[in-house]
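# Summary of the model geometry
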Amino acid sequence: MRALLTRVAEGGGSGVMTELNRLTYPRMQLTAGQAMKCTDLAAKTIQTREARRKKEAEAAAAQRKREAEQRKQHLASILLRADTIWSGLEPLMDQKIASAYDQVAVQLQELRDAYTQAGDIGGFQQKLNGFRLRYSNRPAMLRRIEKLC
């Protein structure tokens, strides 16, 4: 210990540190069976990458399935409340402002999707035509919903 401290005091601290590390953490001897060839490492890397990609793709597919099921349930709940939603459009239209028209357009899109899911697009078209007739004097609103046909 004193010899090592003397070497540190004389400026050989880095050599002492290297020696202490070598004594404390001896090198592991790899046997011939433990050595891995570059080709084996590359193959292992590719295999691991493919497994990770497959797992991520499965997780993404499961997420899309969950989101589709949630959307389906959401549209079903909209269809249950369709009459209330249709009647709730009138107060928004009475505001005669762009943000209210945007809200109406979003609600009409949701209604269209709900009716489509239920297989009653004709019922939606009938109500939408009545809505258009009622508010035919509002071209800004009609522009927002012209793609709902």
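Residues numbered from 1 in each chain as written. Predicted model: local features only at pLDDT ≥ 70, side-chain atom pairs only at ≥ 80, totals over all residues. Heavy atoms only, no water.

### Regarding the overall build of the chain
Spelled out, the test is: By definition, any uninterrupted DSSP run of H or I lasting at least four residues is a helix, any uninterrupted run of E lasting at least two residues is a strand, and each is numbered from the N terminus. Note that the radius of gyration is over C-alpha atoms, with the globule rule given as 2.2 Å times the number of residues to the power 0.38. For the exposure calls, accessible area comes from a 1.4 Å probe over protein chains only, and a residue counts as buried if that area is under 20% of its type's maximum, exposed if over 50%, partly exposed in between. By definition in these notes, contact holds between two residues if any of their heavy atoms fall within 4.5 Å. The accessible surface values rely on the Shrake-Rupley method and a 1.4 Å probe; as for residues, cover is taken only from the protein chains in view. Here the positive residues are Lys and Arg and the negative ones are Asp and Glu; neither His nor the chain ends is included. Charge placement uses NZ in Lys and CZ in Arg. For Asp and Glu, CG and CD serve respectively.
Scanning the chain for helices and strands turns up seven helices and zero strands. For the chain, the succession of helices and strands along the chain, N to C, is α-α-α-α-α-α-α. Rg of the C-alpha trace for the chain: 36 Å, well past the compact-globule value of 15 Å for 149 residues, more than 25% over. A total of 149 residues make up the chain; the buried ones form 18% of that total. Sequence-distant contacts, at least 24 apart, represent 57% of the contacts inside the chain between residues at least 6 apart. Just so you have it, the chain exposes about 11,400 Å², and 56% of that area is on carbon and sulfur atoms. Side-chain charges of the chain comprise 26 positive and 16 negative groups, with the mean position of each set lying 5 Å from the other.

### With respect to the side chain of Arg138
Condition: Salt bridge criterion: a side-chain nitrogen from Lys or Arg within 4 Å of a carboxyl oxygen from Asp or Glu.
Along the chain, the position of Arg138 falls in the loop between α6 (121-134) and α7 (139-145). Here Arg138 occupies a buried position and makes no salt bridge, while the nearest side chain of opposite charge, Asp94, is found at 4.6 Å. In this view, Arg138 contacts Met93, Asp94, Lys96 and Tyr101; residues no more than four positions away in its chain are not counted.

### What about the packing of helix α4 (residues 82-95) against helix α5 (residues 98-118)?
Convention followed: In this analysis an axis means a line fitted to C-alpha atoms, helices contributing only their contacting stretch, and an angle means the value between N-to-C directions, from 0 to 180 degrees. Throughout this description, any angle smaller than 35 degrees is read as roughly parallel, any larger than 145 degrees as roughly antiparallel, any in the 65 to 115 degree range as roughly perpendicular, and the remainder as oblique. By definition, any crossing whose near helix is turned counterclockwise from its far helix by less than a right angle is left-handed, and any crossing with a clockwise turn is right-handed. Under the scheme applied, nonpolar residues are Ala, Val, Leu, Ile, Met, Phe, Trp, Tyr, Cys and Pro; charged residues are Asp, Glu, Lys and Arg; polar residues are all the others, including Gly.
Interaxial distance between α4 and α5 falls to 9 Å at its minimum, and their mutual angle equals 160°. Between α4 and α5, the interaxial angle falls into the category roughly antiparallel. In this structure, α4 meets α5 at a crossing whose hand is left-handed. Here Ala82, Ile85, Trp86, Leu89, Leu92, Met93 and Gln95 of α4 lie close against α5, whose contacting residues are Ala100, Tyr101, Gln103, Val104, Gln107, Leu108, Leu111 and Tyr115. Residues belonging to the contact of α4 with α5 are distributed by class as follows: 12 nonpolar, three polar and no charged.

### Examining the packing of aromatic side chains
Selection criterion: Pairing of aromatic rings covers Phe, Tyr and Trp, the last counted by its six-membered ring, and requires centre-to-centre distances within 6.5 Å; plane angles under 30 degrees mean stacked, over 60 mean edge-to-face, and any other angle means tilted.
Throughout the structure, instances matching the rule amount to three aromatic pairs. Taking 5.9 Å as the distance between ring centres and 40° as the angle between the ring planes, the aromatic pair formed by Trp86 and Phe124 counts as tilted. Of this pair, Trp86 sits in helix α4 while Phe124 sits in helix α6, and the two are 38 residues apart along the sequence. On the basis of relative accessible area, Trp86 is assigned to the buried category, the value being 13%. With relative accessibility at 0%, the residue Phe124 sits in the buried group.

### Overview of unusual backbone geometry
Positive phi is not limited to glycine here, since Lys96 has a value of about 55°. Among the secondary structure elements, Lys96 is positioned in the loop between α4 and α5. For Lys96, a relative accessible area of 57% gives the class exposed.

### Remarks on the pattern of salt bridges
Within this structure, the stated rule accounts for nine salt bridges. The salt bridge involving Arg71 is made with Glu110; its shortest N-O contact spans 3.1 Å. Here the residue Arg71 occupies a position in helix α3 (residues 38-80), and Glu110 occupies one in helix α5, the gap between them amounting to 39 residues. Among the charged side chains, a network of salt bridges with common partners joins Arg71, Glu110, Arg112 and Asp113.

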